[in-house]
Structures are given as C-alpha cells and as structure tokens.
Amino acid sequence: MLNTNVFAETTISSALQRVLERFKDNSIAMIGFWVLLGFVALALFGPLIAPYTLDFQSDNLLQPPSWNQSGHVDNFFGTDDLGRDVLSRLIYGCQLTFGGGLIVVTFAALIGIPLGIFSGMSRGVKSSVLHHVMDTALSIPSLLIAIMVVSFLGTGLENTLIAIALAQIPQFIRFTYIAVSTEIQKEYITAIRLDGATNYRILKHGVLPNIADSIVFQISRSFSSSLIDITALGFIGIGAQAPLPEWGAMLGGSKDLLFSAPWTVTLPGFVIMTSILSVNMVGEGLRQAMLEGVD
Amino acid sequence: MLRYFIRRINLLVITFLIINLIAFFFQKNQTIFIETDGNWLSQYLVFVWNNLNGDLGVSSITGKPVFDELISFLPATLELCFSAFLLSFIVGIPLGTLAGIYHQHWIRNLILSVTMVGYSIPVFWLALLLVMNSSLLLGWFPVSGRYDLLLEIPQITGFGIIDVMWLEPQARWPALMSIVSHLALPTLVLAVVPTTEVIRQLSNSMAKVMSENYIKAAATKGLSKWQIVTRHALHNALPPILPSLGLQFGNVLTMAMVLEVVFAWPGIGRWLISSIYQQDYVAIQGGMLAVATLVIITFVLTDLFTALIHPLRRREVYAQH
C-alpha cells in the first residue's frame, strides 16, 4: 500500500510492544489476564471484601452452599466443620496462597535474573561452571527441593515460602542464561561491539529489550509452579498450618469431610485450579504471541 | 559417543557430590557418621563413602537402618510411577501425534486446551474428586492401600505385580486382580502429569518434523498420511523429547509422594512425610539423598539412551560447548 503520509515517521515498535499487541488479540489469554487481575485485587483488598472476619464461627456447622436445597445465602459457599464461612476463608486465603506466590516469584526473579544475566554475559570457565551447577539444580523438581528445605527448616508458611523461592531461583538463572547467551551470539550484537560499546551498553540497549518478553513468560511459568508447590505443601501438612486459610491447607484439613461435606473439598480445589489456569492462560498467550513474531 | 558418555558420567558424579555436600551441611544430627578427627573435608569424604556403601545411618524413631527402610518403601512408589508413565505413553503418544499433524486445526486447539486444563489441575485435588465419585459413590475402585488386607503377598522384589508369582497358582489371579484394582485410581491421577508433558512436547516436535522436506518427499511418493506418520515422522519426533521426559521422572516421583498421602499408599512419600512430622533427621536426609540420586541417575540414563539411538542429540551437546 502506498504511504501517503510523507512527514510522519514510521515508528518501529519494540519486541515487547509487538508481543503485547498480539497478546491483546488473543481472547483466551485476555480472559486469563482479567481473572488474574481479579485474584490480585482479592489478595490486596480481600479483608475489606470478605463477608465475615477470619475468627467468625457460626452455629450452623457444615451448612451446604447456597445453591443447595438446605443451604442459606448468609454463607454463600457454606460453612466447614467448625462453622467458619468458606467464602470468607477463601478470600482471606488469597492473600496467603496467591500473594505468597507473588512474593516468592518477585524475590526469585530479583535474585535469579541478574545472576542469569551475569552468567550469560560471561564466557569460558566461569560460564561453564555455572552451566553445570544449573544443570544439577534443574534436574531436581522444584517441589522436591521445597520439601527438602522445609524438612530441615521446619514446617510453617514462612519456611515454605523461603523454600519455594530457593527452588525457583535456579530456574530463573537457567532461563535468563539461555536467553542472554543466544541473544549475545547474534550479529547485531557483534556489530555494536565493533562500534566500541561496553558490556553495560550492549546489555542495556541490545540484550535486555530483546529478552524482556521471554523473561515475562518465565515469570508466569514460575508463578504457576510456585502456586502448585505452596498448595501441595499445605495439603500434605508441612506447609501452612491448620488455622491459616491457605488454600492447600484448607483442602488438606477437610479431606476427611470428603463424603459428608464435599463442598469443603471441591471449592478450595476449584479456586486453586482457577488461579493456576489463569496464570497458565496468560503464559501460553505470551508464548504464542512471542512465537508469532519469529515466524 | 565415548566423549559424550564421559561428559555425562562426569555430570552425574559432580551432581552426586554436590547433593552430598548440601546434605552434609544440612545435617543436624552428628551421630550418623563415624567420629573422625581432622578437617571437614575428610569428614565429608567419609560421609560420601558411607553413602556410597548404603550406610545412611539408623533412624532415631524406628531404630532400623534407613537403607533397609528405603528398600522396603521405594518399590511401591516406583510401581506407581512406572504404571503412570506407561499409561501416559499409551494416551499421550496418539494425542500428541494428532495435535502435531493437524497444525492450526480445531483438533489441535481442542487437545492443547484440554492439556492446559490438565496441567493446571492440582493432582491431589483431582485424586480426592475421583475418590469421591468413583470409589465412595459408585464403588468401582477401592479407596486406599495397595491390596486387600486379607491377602498375604510375599515381599521379594517389592513390586506387587511381580511378587504375585511367588504365590500358589490358585491364589495368583485374585491377588493380581486386587493389586491392579488398587493401582488403577492412583495411576490414573498420577498419569495426568506426564501425559500433558508428552502431548505438549510431542505435538511441538511432530509439527517441526512434519514441515521437513523428507516428509514432503514421502507425500510426493504417494504414501498415505498414516504411512508417513508411522514410518517417517514418529521415528524422528519421538527421540528428541526423551530427555525432557527423563526430567519429568522427578516431577512424577514428587507428585507420587504427595498422592501417597491421599491414597494411603505405603511408599516412600508417606514414609518421608511422617519422618518430617517426627523430625527424624537421619531418615529425612537418607530419603532425600536417595530420591535426588535416583532422579539424577534416571535423567542421565535417559539422556545417554537418547544419544545412543538418536545421533543428532550428540551433535547438539558438542555444539553447545
């Protein structure tokens, strides 16, 4: 098509901008994105929204959810074996599980990404040693590392979060290392290196803008796996402990009520699945948006 | 190949030493290893030597050697993992191939969407749902355990399906049926983890292979799509994904450990978690060392096997370094 506008400069959008544009066109990914935002809002403002306080106990034990014949709208998701409102506990739990996952990922990313960039920019022995150590750390799944660390630190939510952060750091280092070292071998980097650019300048203007999208993708992947890890540790009883409304611990605590009060098991699990699914939908949408740019 | 072999074995040894080093620093109970004078390096070497000889110390709760306990619990977990992997290949390979062949087609989108839901489901929750629907309400499968408590199956290999052979002929069949019906539900749930991985990896690998020139050549020759896939595409799409499936073994083993809590499966996961409750540090350390070593050995073995049957893998590693 003939461009009639002579004066306007054609703006070349950066890699990240193009990925975001394609991401907006993907309706499934956008649904995931809005659900994810909803969870973030619940984690931030949960205590203001929740209908009951955390220590509230009604006299109706094991009341079914409101859509059941014998349910009541006062306790929308029903009550558990101690008469606590399931909906309120799920909303409070958002802070522990979802917020905890966010904190873990932020922490792991802040440590892992700089280390990955450092090892990706370096060459020779330093890089090779890091490469081998990372191979080691990656062959053991993050949940197993988390169980190991928890078993030595002791149970509890704080130790769980520390353990999962420690387990996620190697994933970030490894992923950033691969992204940086493939980027740095490309010819345009050689070109600016020949122009006399320092390593810092290459990193800031050459490498970082081009690996931003893959780092965002890695963050989403790491987030979904740390959500699974937090809830799994809570479920087997070595993570968050009983009265805390952490989703996995709620599920683990009510697994004996499976037959008499199935909603105390299905609802927390459904919330866990929705949160992980929304994160995965966003991650998959980002990956597709990134791949389309390559083709 | 020899160079590749040495490189991988080297990785195995270094990894083993690193894991031992971590365990060595973490250990709180100093009574495990023989009191040696001298610096920590010689203590560390004694520690590694003991571990290599299977001397993992004595559990402070049960009073039995940790190694013996491991040997009695590990087969139950491995039986679960192997059957889950088998099921995931049976289900995953056809579905992954379908998703790979029909590029940008509703079949691919459907399979990949279901896969995404599959790996977003927390497996322990799925296990509870299936127990509720198929065991408690319909009574299809037993709720928990490895076999009927009335049966007396000898512990020879530890794998129930094999141990049945040592029973008297008329007792074999009912015992086997009991074992299989107890195994069905945990296998079904655990298989979700590797199946989604097989489908995702295979569909990507298959899509890549299907765009190669030799596939076009085969199509020009007049082969049907079925012939192309079975004769040419699968042979080239399967080997590259083997190493990442080897990595999945660790994931499956960990998930099996979590599921053992739900199904009261007498495996290593339940043993380790009860050790954590009881703060039996000797048992925790021995169990973790064994599991981590097993995971890494599996990864290295699958990698070597892949290099053996798929020469391109060797080239990838040479090019990297």
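Keep in mind that this is a model prediction, so the values were computed, not measured. (Residues numbered from 1 in each chain as written. Chains lettered and ligands numbered in written order. Predicted model: local features only at pLDDT ≥ 70, side-chain atom pairs only at ≥ 80, totals over all residues. Heavy atoms only, no water.)

Draft legend 1. Summary view of the overall build of chain B. Check the secondary structure of chain B and you find 13 helices and zero strands. Secondary structure elements in chain B, listed N-terminal to C-terminal, are α-α-α-α-α-α-α-α-α-α-α-α-α. Along the three orthogonal principal directions, the C-alpha set of chain B runs to about 75 × 55 × 40 Å. Excluding contacts between residues fewer than 6 apart, the proportion of contacts in chain B whose partners are at least 24 apart in sequence is 72%. (Helix = DSSP H or I, 4+ residues; strand = E, 2+ residues; numbered from the N terminus. Contact = heavy atoms within 4.5 Å.)

Draft legend 2. Structural detail: the overall build of chain A. Looking only at helices and strands, one finds 10 helices and zero strands in chain A. In chain A, which comprises 295 residues, the share counted as buried stands at 54%. Of the contacts made within chain A by residues no fewer than 6 positions apart, 70% connect residues no fewer than 24 positions apart. Summing over all exposed atoms, chain A offers an accessible surface of approximately 14300 Å²; the carbon and sulfur share of this is 65%. (Buried < 20%, exposed > 50% of the residue type's maximum accessible area, 1.4 Å probe, protein only. Areas by Shrake-Rupley, 256 points an atom, 1.4 Å probe, with all protein chains shown as cover.)

Draft legend 3. Representation of the packing of helix α2 (residues 27-49) of chain A against helix α3 (residues 86-121) of chain A within the structure. Residue and element names in this part refer to chain A. The interhelical angle for the contact between α2 and α3, taken along N-to-C directions, is 115 degrees, at an axis separation of 8 Å. Pair α2 / α3 crosses with left-handed handedness. Every residue of α3 that contacts α2 at Leu-36, Phe-39, Val-40, Leu-42, Ala-43, Leu-44, Gly-46 and Pro-47 is listed here: Ile-91, Tyr-92, Cys-94, Gln-95, Phe-98, Gly-99 and Leu-102. Tallied by class, the residues present in the contact of α2 with α3 amount to 12 nonpolar, three polar and no charged. (Axes fitted to C-alpha atoms, helices over the stretch in contact; angles between N-to-C directions. Left-handed = near helix turned anticlockwise from the far one by under 90°. Nonpolar A, V, L, I, M, F, W, Y, C, P; charged D, E, K, R; others polar.)

Draft legend 4. View of helix α12 (residues 281-309) of chain B. The terminal C-alpha atoms of α12(B), which comprises 29 residues, lie 42 Å apart, in line with the 42 Å expected from a rise of 1.5 Å per residue. Extensive coverage of α12(B) is indicated by the burial of 21 of its 29 residues. (Expected span 1.5 Å × (residues − 1).)

Draft legend 5. Representation of the pattern of salt bridges within the structure. All names here are of chain A. A complete count under the given rule lists five salt bridges over all chains for this structure. The shortest N-O distance in the salt bridge between Asp-80 and Arg-84 comes to 3.1 Å. With relative accessibility at 7%, the residue Asp-80 sits in the buried group. In this structure, Lys-186 and Glu-183 form a salt bridge, with 3.5 Å as the shortest nitrogen-oxygen distance. Assessed through its relative accessible area of 8%, Glu-183 is described here as buried. Put simply, Asp-80, Arg-84 and Arg-89 are held in one network by salt bridges that share partners. (Salt bridge = Lys/Arg side-chain N within 4 Å of Asp/Glu carboxyl O.)

Draft legend 6. Up close: the interface of chain B and chain A. Taken together, the contact between chain B and chain A spans 44 residues of the former and 38 residues of the latter. Carbon and sulfur atoms make up 82% of the surface buried where chain B meets chain A, a total of about 3900 Å² over both sides. Together, Phe124(B), Trp125(B) and Leu128(B) form the three largest contributors to the area buried by chain B at its contact with chain A, with a combined 15%. Between chain B and chain A we count zero salt bridges in total. Remark: the boundary between chain B and chain A carries three residue pairs in polar contact (both at pLDDT 80 or more). (Buried area = accessible area lost by both parts, 1.4 Å probe. Polar contact = N/O pair within 3.5 Å; in protein donor to acceptor, adjacent residues only side chain to side chain.)

Draft legend 7. Up close: the nonpolar core. Residues Phe98(A), Leu233(A) and Trp247(A) are the most contacted members of the largest nonpolar core, which totals 139 residues. Looking at this core, the element that brings in the most residues is α12(B), giving 14 residues. Those residues in contact with Trp247(A) that sit more than four places away from it in its chain are Phe39(A), Leu90(A), Gly93(A), Cys94(A), Thr97(A), Phe98(A), Thr231(A), Pro268(A), Val271(A), Ile272(A) and Ser275(A). The next biggest cluster of nonpolar side chains, apart from the first, holds 16 residues, and it includes Met210(B), Ile228(B), Ala233(B) and Ile241(B). (Core = buried A, V, L, I, M, F, W, Y, C linked by side-chain atoms within 4.5 Å.)

Draft legend 8. The arrangement of helix α11 (residues 268-278) of chain B in detail. Burial in α11(B) covers these residues: Ile268(B), Gly269(B), Trp271(B), Leu272(B), Ile273(B), Ser275(B) and Ile276(B). Looking at the packing, one finds that the buried side of α11(B) touches α5 (142-153) of chain A together with α3 (66-101), α10 (225-263) and α12 of chain B. Phi for Gln279(B), located one or two positions after α11(B), is positive at around 55 degrees.

Draft legend 9. Broad picture of the packing of α5(A) against α12(B). As a packed pair, α5(A) and α12(B) sit with axes 11 Å apart at the nearest point and diverge in direction by 165 degrees. One finds that α5(A) runs roughly antiparallel with respect to α12(B). The two elements α5(A) and α12(B) meet at a crossing, and its hand is left-handed. Here Leu144(A), Ile147(A), Met148(A), Ser151(A) and Phe152(A) of α5(A) come into contact with α12(B), specifically with Tyr281(B), Ile284(B), Gln285(B), Met288(B), Val291(B), Ala292(B) and Val295(B). (Parallel < 35°, antiparallel > 145°, perpendicular 65-115°, else oblique.)

Draft legend 10. Representation of the environment of Asn213(B). Residue and element names in this part refer to chain B. As for its placement among the helices and strands, Asn-213 is situated in helix α9 (residues 213-220). Here Asn-213 falls in the exposed class, since its relative accessible area comes to 58%. On a C-alpha basis, the gap between Asn-213 and Val-193 in space is 33 Å, while along the polypeptide they are 20 residues apart.

Draft legend 11. Region of the structure containing the environment of Ile9(B). All names here are of chain B. Examined against the element boundaries, Ile-9 turns out to sit in helix α1 (residues 2-26). On the basis of relative accessibility, which here comes to 31%, the residue Ile-9 falls in the partly exposed class. As a C-alpha pair, Ile-9 and Ile-19 span 10 residues in sequence and 15 Å in three-dimensional space.

Draft legend 12. Examining the packing of aromatic side chains more closely. All names here are of chain A. What the rule picks out here adds up to 13 aromatic pairs over all chains. Consider the rings of Phe-39 and Phe-98, whose centres lie 5.3 Å apart with planes at 25 degrees: the pair is stacked. Taken together, the positions of Phe-39 in helix α2 and Phe-98 in helix α3 put the pair 59 residues apart, joining distant regions of the chain. Their ring planes at 65 degrees and their centres at 6.0 Å tell us that Phe-39 and Trp-247 sit as a pair that is edge-to-face. A residue pair is termed long-range when its members are at least 10 positions apart, and Phe-39 in helix α2 and Trp-247 in helix α9 (residues 247-253) qualify at 208 residues. (Phe/Tyr/Trp six-rings, centres within 6.5 Å; stacked < 30°, edge-to-face > 60°.)

Draft legend 13. Representation of the side chain of Thr196(B) in the model. Looking at where Thr196(B) falls in the secondary structure, it is placed in helix α8 (residues 192-210). The contact partners of Thr196(B), leaving out residues within four places of it in the chain, are Thr115(B), Gly118(B) and Tyr119(B).

Draft legend 14. Broad picture of the confidence of the model for chain B. The pLDDT averaged across chain B works out to 82; a share of 94% of its residues lies at or above 70. With pTM at 0.86, the complex prediction returns an ipTM value of 0.83. (pLDDT = per-residue confidence, 0-100.)

Draft legend 15. Representation of the side chain of Thr97(B) in the model. Residues and elements named next belong to chain B. Here Thr-97 is to be found in helix α3. Polar side-chain contacts of Thr-97 include one of 2.5 Å to the backbone oxygen of Ile-93. Apart from residues lying up to four places away in sequence, Thr-97 is in contact with Leu-202, Met-206, Val-229 and Leu-234.

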